[in-house]
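Analysis of the macromolecular model
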Amino acid sequence: MKLATVILAAGAGTRMKSSTPKVLHNLMGKPLIAHVAEAAKAVGSSRCVVVLGNHTQEAKKHLDSDKTTFALQKKQDGTAGALRSALPALKGFEGNILILSGDTPLVTQNLLTKFIKLHKQKKEDLSLMTFDATPPHAYGRIIRSEGKISRIVEDKDATSEEKLITEVNSGIYLMKSSILNLLRSIPLNKAKGEYYLTDIVSIALKKGFKAGAHLLGSETELTGINTRAELHRATLFLRERLVAEFMQSGVTFIDSSSVFISKETKIGQDTVIYPNVHIEGRSVIGKKCIVYPNSRILDSIIADEVTIKDSTVIESSEVKSKASVGPFAHLRPGSVIGSSAKIGNFVEIKKSVVGKGSKASHLTYIGDAVIGKDVNIGAGTITCNYDGKNKFKTEIHDDVFIGSDSQLVAPVKVGKGAYVGAGSTITRDVPPGALAVTRTHQKNIYGWAKKRPQKGK
Ligand code: UD1
Ligand code: CA
């Protein structure tokens, strides 16, 4: 049977106390809605409808628009109203419809697959995923009679006895397309001025449809995010899940409680991650690497046996095997550090290639440069790549030695095996094997210190 997915994501999210719509808040590097869309995509639905409110344009940027239809809920009149807004996009669809909430981002493909299977096995018209929440927070409570679901009661409308129930509504439903006709029968909840999708359960049962509630998953997968505190809790749940998976595959964490790693990151065996390391975006870390504390790696590829020393930032760059970067180094986008190369203390590299075995160990800026193999860049070297208007390239060929405190005013080339004397300002190309020195000769004035006028005389 065919499957369509609807993600309800039009709510304003007032409880977040934010000018950013709730579903666009960031969870481990991605907006909530993107996490849900990913789970929806993984179960393979033939149609995916995302119901959005006033933040449509912004939300679209984070979603794969090829596979998604966007529906607009003009007035935020509740979860049933949101599903109603998806009806035009579902026109002519016959099959099962999976309803997800844009604010329930920890749901997994595994859990959804189990749910879909149960729905089919039990031959239900309407299935609901529930979980046990202790305490039950403000989730809708599942009211059962003789073991079978009879209705859902929202926290606000629950009696004190009903409030004690810990089986709660996840907001994830699977329904036959015929159930959609019942949306019209949902009454307005006068107290809140909203149409509750939860009412569809009792209505379906009254009309003789088969409905079932399935206690699946846990709070760590089904937590809903309404407040900043819940967003933080979800971050911790997700972090714990990811760290457990990494450890399972052979990664060591010194203190996993301070580490943040995106879902998309891959880390090889025997890599050690120190405290307070952040790995974001689509990063790949190889085997036997060490990432020391306070480092941030974003959208980068780190090969095997690389050492990343303390407080290093690596953005959209590549570091090849056995290289060492840091402490306090910054690789800005577009940098490639060759194998066994060394980028040391307070070195900034931008859009440059550093060849195999080359070293820039201290206090250097390398921008728009191509550096060959086994080059030594002395402390305090600067590639002057910008004249205030345009950027220019510096080329440093293999086996070059650049003395400390030199400036290379681009565009400029330093040929293979050449030397640049310390303190030089290089404005013209240096031929291979040559020595370029631009500083003035040293003058020694003998006995000057003695002849120097004394203080107060
Ligand atoms: C809802 C359920 C509750 C359940 C909980 C699970 C209802 C009435 N209640 O409560 O039983 O335990 O989710 O997390 O359904 N939305 C719209 N348009 C609207 C209102 C909401 O698209 O007009 C979207 C929101 O963006 C959100 C989802 O629907 O992604 C759920 O809405 P929310 O207001 O968070 O519902 P809860 O109060 O959490
Ligand atoms: Ca919610």
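Being a predicted model, the structure only gives us computed values, none of them experimental.

Some remarks on the overall build of the chain
Regarding its fold elements, the chain presents nine helices and 41 strands. Taken over the C-alpha trace, the chain has a radius of gyration of 31 Å; the compact-globule value for 457 residues is 23 Å, which it surpasses by more than 25%. In terms of overall dimensions, the chain has a C-alpha envelope of 105 × 55 × 40 Å along the principal axes. Going through the 457 residues of the chain one by one, you find that 50% of them count as buried. Considering only residue pairs separated by 6 or more positions, the chain has 41% of its internal contacts joining residues 24 or more positions apart. Surface summary for the chain: the accessible area is close to 22400 Å², and the carbon and sulfur share equals 52%. Of note, the chain has its 65 positive side-chain charges centred 5 Å away from the centre of its 43 negative side-chain charges.

Points about helix H5 (residues 109–121)
In this model H5 runs 18 Å from its N-terminal to its C-terminal C-alpha over 13 residues, within 8% of the 18 Å that 1.5 Å per residue would give. Among all positions in H5, only Leu 111, Leu 112, Phe 115, Ile 116, Leu 118 and His 119 are buried. Axial view of H5: buried residues confined to an arc of 160°, hence all on one face. Away from its buried face, by an angle of more than 90 degrees, H5 presents the exposed residues Asn 110, Lys 117 and Gln 121.

Quick word on helix H1 (residues 32–42)
Of all 11 residues in H1, eight are buried, a share of seventy percent or more. Leu 32, Ile 33, Ala 34, His 35, Val 36, Ala 37, Ala 39 and Ala 40 are the residues of H1 that are buried. Phi turns positive, to about 70°, at Gly 44, one or two residues after H1.

Describing a nonpolar patch on the surface
A surface patch of nonpolar side chains, amounting to about 390 Å² of accessible area, comprises Phe 401, Tyr 419, Leu 435 and Val 437. Tracing the backbone shows Tyr 419 in strand S39 (residues 419–420). Classification of Tyr 419 as partly exposed rests on a relative accessible area of 44%.

Re the site of ligand 1
Surveying the vicinity of ligand 1 reveals 23 residues, the closest of which are Ala 10, Gln 73, Thr 79, Glu 154 and Asn 169. Separating an oxygen atom of ligand 1 from a backbone N or O atom of Asp 77 is a distance of 3.4 Å. Taking 750 Å² as the accessible area of ligand 1 by itself, protein coverage stands at 92%. Class assignment of the residues belonging to the shell around ligand 1 gives a composition of six nonpolar, 12 polar and five charged.

Section: the sheet that holds strand S30 (residues 353–354)
Taken together, the nine strands give an open sheet; going across it, the order is S16-S19-S22-S25-S28-S30-S32-S35-S38, and neighbouring strands pair in parallel fashion. The two strands at the open ends of the sheet, each matched to only one other strand, are strand S16 (266–267) and strand S38 (412–414). Summarising the sheet, strand S35 (residues 394–396) and S38 pair through three bridges and their orientation is parallel. In the strand pairing of S38, Glu 395 is matched with Lys 413.

Observations regarding the coordination of the calcium ion (ligand 2)
Geometrically, a metal with four donors at the corners of a regular tetrahedron has ideal angles of 109.5 degrees, and one with six donors at the corners of a regular octahedron has ideal angles of 90 or 180 degrees. Every protein donor of the calcium ion (ligand 2) is accounted for by Asp 103 (OD) and Asn 226 (OD1), and the metal-donor separations fall at 2.2 to 2.4 Å. Taken together, the residues span a long stretch of sequence, with Asp 103 in the loop between strand S6 (96–101) and H5 and Asn 226 in the loop between helix H7 (219–222) and helix H8 (228–248) at a distance of 123 residues. The pair formed by Asp 103 and Asn 226 is uniform in burial state, with each residue classed as buried.

Here we look at the domain arrangement of the chain
Assigned domains of the chain: these are domain 1 (3–222), domain 2 (249–351) and domain 3 (368–457). Distance from the C-alpha centre of domain 2 to the C-alpha centre of domain 3: 31 Å.

Some points on unusual backbone geometry
Each neighbour pair has its own omega, and for Thr 134 with Pro 135 the value is -5°, a cis peptide bond. Counting through the fold element by element, Pro 135 comes out in the loop between strand S7 (126–132) and strand S8 (141–145). Positive phi outside glycine occurs at Ser 340, with the angle close to 60°. With respect to the secondary-structure elements, Ser 340 resides in the loop between strand S28 (336–337) and strand S29 (342–350). You can call Ser 340 partly exposed: its relative accessible area is 38%.

Looking at the nonpolar core
Ranked by internal contacts, the top residues of the largest apolar core, which has 57 residues, are Ile 273, Ile 302, Val 319, Ile 337, Ile 343, Ile 396 and Val 414. Top element by residues in this core is H8. It accounts for seven residues. In this structure Ile 302 touches Val 284, Ile 285, Gly 286, Cys 289, Ile 297, Ile 308, Ile 314 and Val 319, once residues within four positions along its chain are discounted. Within the second largest apolar cluster, 35 residues are counted, among which are Ala 10, Val 49, Ala 86 and Ile 200.

So, the side chain of Glu 167
Along the chain, the position of Glu 167 falls in strand S10 (residues 167–176). Taking relative accessible area as the criterion, Glu 167 reaches 13% and is therefore assigned buried. Side-chain polar atoms of Glu 167 contact the side chain of Arg 144, separated by 2.7 Å. Setting aside chain neighbours within four positions, we find Glu 167 in contact with Thr 130, Phe 131, Asp 132, Gly 140, Arg 141, Ile 142, Arg 144 and Leu 215.

What about the side chain of Asp 125?
Assignment of secondary structure puts Asp 125 in the loop between H5 and S7. Of the polar contacts made by the side chain of Asp 125, one reaches the backbone nitrogen of Lys 210; its length is 2.7 Å.

Some details on a positive patch on the surface
A contiguous patch of positive charge on the surface is contributed by Lys 122, Lys 123, Lys 148 and Lys 210. Residue position: Lys 210 is located in the loop between helix H6 (200–206) and strand S13 (211–215). Of the residues examined, Lys 210 reaches a relative accessible area of 45% and is grouped as partly exposed.

Calculation criteria
- As a convention, each chain's residues are numbered from 1 in the sequence order in which they are written.
- Numbering of ligands from 1 and lettering of chains from A proceed in the order in which they are written.
- Given that this is a predicted model, residues contribute local features only at a pLDDT of at least 70 and side-chain atom pairs are listed and counted only at 80 or more, while totals for whole chains, interfaces and linings are drawn from all residues.
- Hydrogens and water molecules were not included; the side-chain quantities draw on all heavy atoms of the structure.
- Going along the chain from the N terminus, every DSSP run of H or I of four or more residues is numbered as a helix, and every run of E of two or more is numbered as a strand.
- The size measure is the radius of gyration over C-alpha atoms, and the globule rule it meets is 2.2 Å times the number of residues to the 0.38 power.
- Each residue gets one of three labels from its accessible area relative to the maximum for its type: buried under 20%, exposed over 50%, partly exposed in between, using a 1.4 Å probe on protein chains only.
- Residues are treated as being in contact if the distance between any of their heavy atoms lies within 4.5 Å.
- Only the protein chains shown count as cover for residues, and the accessible areas themselves come from Shrake-Rupley with a 1.4 Å probe.
- By the counting rule applied here, Lys and Arg register as positive and Asp and Glu as negative, while His and the ends of each chain are not counted.
- Taken as the charge location is NZ of Lys, CZ of Arg, CG of Asp or CD of Glu.
- Here the expected span of a helix is defined as 1.5 Å times the quantity of residues minus one.
- Summarising the geometry, the arc corresponds to the directions from the helix axis toward the C-beta atoms.
- Each patch is built from residues lacking any salt bridge and having more than 30% relative accessible area; the joining distance is 9 Å for like charges and 5 Å for nonpolar side chains (Val, Leu, Ile, Met, Phe, Trp, Tyr).
- Salt bridge, as used here, is a side-chain nitrogen of Lys or Arg placed within 4 Å of a carboxyl oxygen of Asp or Glu.
- Summary of the distance rule: residues count as near a molecule or strand when at least one heavy atom falls within 4 Å of that molecule or strand.
- Contacts described as polar in this section are N or O atom pairs within 3.5 Å, which, within protein, must combine one atom able to donate a hydrogen with one able to accept it, while residues neighboring in sequence count only if both atoms come from side chains.
- Side-chain classes are defined by residue name, with Ala, Val, Leu, Ile, Met, Phe, Trp, Tyr, Cys and Pro counting as nonpolar, Asp, Glu, Lys and Arg as charged, and the others, Gly among them, as polar.
- At least two DSSP bridges between two strands are needed for those strands to be called paired.
- Atoms of type N, O and S within 2.8 Å of a metal are treated as its donors, and for Na, K and Ca the window is 3.2 Å; water is not considered, so some sites may appear to be missing partners.
- Bear in mind that the domain bounds are from an automatic or database domain assignment.
- As used in this record, nonpolar core signifies buried Ala, Val, Leu, Ile, Met, Phe, Trp, Tyr and Cys residues forming a set joined through side-chain atoms within 4.5 Å.

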